[in-house]
Amino acid sequence: MTMPSTADLIRRRFTHVSAAALTVALCTVAVPASADSGPAGTTGGDTGAGAKPTVVLVHGAFADASGWNGVIERLQADGYTVLAPPNPLRGLADDSTYIASVLKNIKGPIVLAGHSYGGAVISSAAAGNPNVKSLVYVSAFMPDKGEVLGQLAAKFPGSELNPALSPTPFETASGKGTDLYIQPAKFHEVFAADLPAKTTAVMAAAQRPIAASAFTDKAPAAAWRTIPSWALVAKQDKSIAPDLERFEAERAGSHTVEIDSSHVAMISHPGTVADLIRDAAGSSASAASASSSDSAGKPALADTGSRSLALAGLGAVAAAAVLTGAGLVLVTRKRRDTPSDPDASTAR
């Protein structure tokens with residue numbers, strides 16, 4: 001058996017090292033990585049830069065969250081995470097506190113939309129929450145801090161809601177109060193004139209009343225003063241005067257659209273309302289992306305998943321090349337520095 005020379009041993013050793021390094025490199029490049037870095041939170045989608053915000057939809061008086069169904073379907077089809085929590089309708093302070101607690105459980109950016117009385121609720125609920133990037137008002141109240149909804153509603157003519165209301169006493173374990181319903185015979189004309197009468201008859205029967213105190217409460221806050229807002233003016237609205245909706249939107253500096261719609265634009269024109277929310281969501285995503293840049297104005301490095309692994313693989317390839325080169329240099333030096341010895345290997 002012929003024993004390998006020292007040069008052959010060195011050459012084989014570095015060949016094995018190089019092959020191992022190349023194998024690691026190729027495996028590293030080939031292994032795919034998940035785009036998600038971890039759970040996004042209790043509620044909401046991906047919270048990374050450029051991710052879609054969570055859309056939260058708050059209904060108003062005489063209705064429930066099902067009024068948003070057409071909008072929800074469209075936004076979900078676009079990949080948005082949507083939440084439509086129940087609005088208690090027990091008074092502005094209580095309702096806004098409740099919705100604010102819902103928002104605190106959502107991680108990442110939020111687009112918060114409110115219809116009718118829900119607009120007053122989101123104006124207070126969003127105050128102080130840095131995750132709320134945009135506010136959307138759909139034929140809604142937008143009170144300033146300290147304003148009373150009953151007084152604000154009377155600021156412009158055009159609403160036929162007040163004479164259509166039916167005050168109804170109620171009792172709870174904590175006391176008595178008065179609920180406000182819309183009279184079923186007037187529900188179609190005042191609330192949803194552009195929907196089929198058959199549909200509004202069901203809505204009138206299932207309506208959720210609002211505590212009368214909601215229209216005498218002072219608004220705790222006005223988040224639209226610090227958060228960008230979008231507004232839809234329903235030109236055929238008979239529950240909130242269209243001129244009041246315009247006044248509020250102009251005062252808030254809202255991005256505004258006007259459509260021929262009754263008070264329930266999110267039901268009769270869900271596509272238009274979904275588009276308005278998408279606009280608000282796109283703006284909030286752009287703002288979030290801009291804020292991810294570092295203080296020098298350069299884009300911050302992002303966790304790019306498989307891209308990072310590919311770069312690691314290239315690094316391993318380079319390392320393998322260096323090792324191979326080093327081995328060849330050592331072999332060459334060994335050959336040059338060691339004299340030929342014909343008796344170095346003998347048969348045994």
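Structural data are supplied above this passage.
Because the structure is a prediction, the values reported are computed rather than measured.

(A) Spatial organisation of empty space enclosed by the protein. What the rule picks out here adds up to two cavities of 30 Å³ or more. In this structure, the largest cavity occupies an estimated 60 Å³ of space. Every residue lining the largest cavity is listed: Ala61, Phe62, Ser116, Tyr117, Phe141, Leu161, Phe191, Phe215, Ser239, Ile240 and His263. Across the lining of the largest cavity, the residue classes break down as eight nonpolar, three polar and no charged. Considering the residues around the second largest cavity, the lining is formed by Tyr137, Ser139, Ala140, Met142, Ala231, Leu232, Val233, Glu245 and Glu248. For the lining of the second largest cavity, the secondary structure elements donating two or more residues are strand 8 (229–234) and helix 8 (242–252).

(B) Region of interest: the packing of aromatic side chains. Tallied over the entire structure, the rule returns three aromatic pairs. Aromatic pair Phe187 and Phe191: ring centres 4.9 Å apart, planes at 45°, arrangement tilted. With a gap of four residues between them, Phe187 and Phe191 both fall in helix 6 (residues 184–191), about one helical turn apart. Comparing Phe187 with Phe191, the two get one shared label, buried. Taken together, the aromatic side chains of Phe62, Phe187 and Phe191 make up a single cluster linked through ring pairs. Just above the ring of Tyr80 sits the side chain of Lys52; from NZ or CZ to the centre is 5.4 Å. Against the face of Phe170 rests Arg90, its NZ or CZ located 5.3 Å from the ring centre.

(C) Broad picture of helix 4 (residues 117–125). Within helix 4, nine of the nine residues are buried, which leaves the element mostly enclosed by the surrounding structure. Those residues of helix 4 that fall on the buried side of the exposure criterion are Tyr117, Gly118, Gly119, Ala120, Val121, Ile122, Ser123, Ser124 and Ala125.

(D) The arrangement of the sheet that holds strand 3 (residues 110–115) in detail. If you trace the six strands from one edge of the open sheet to the other, you get 2-1-3-4-8-9, paired in parallel fashion. Strands at the two margins of the open sheet, each flanked by one partner only, are strand 2 (82–83) and strand 9 (255–259). Together, strand 1 (54–58), strand 3 and strand 4 (132–138) form the strand contacts of helix 4, whose direction differs from that of strand 3 by roughly 145°.

Rules used throughout
- Residues numbered from 1 in each chain as written.
- Predicted model: local features only at pLDDT ≥ 70, side-chain atom pairs only at ≥ 80, totals over all residues.
- Heavy atoms only, no water.
- 1 Å grid on protein atoms, 1.4 Å probe; cavity = no way out; pocket = protein on both sides within 12 Å on 5 of 7 lines; lining within 4 Å.
- Points joined across faces, edges and corners; volume = space filled by probe spheres on them.
- Nonpolar A, V, L, I, M, F, W, Y, C, P; charged D, E, K, R; others polar.
- Helix = DSSP H or I, 4+ residues; strand = E, 2+ residues; numbered from the N terminus.
- Phe/Tyr/Trp six-rings, centres within 6.5 Å; stacked < 30°, edge-to-face > 60°.
- Buried < 20%, exposed > 50% of the residue type's maximum accessible area, 1.4 Å probe, protein only.
- Lys NZ or Arg CZ within 6 Å of the ring centre and 35° of its normal.
- Pairing = 2+ DSSP bridges.
- Contact = heavy atoms within 4.5 Å.
- Axes fitted to C-alpha atoms, helices over the stretch in contact; angles between N-to-C directions.

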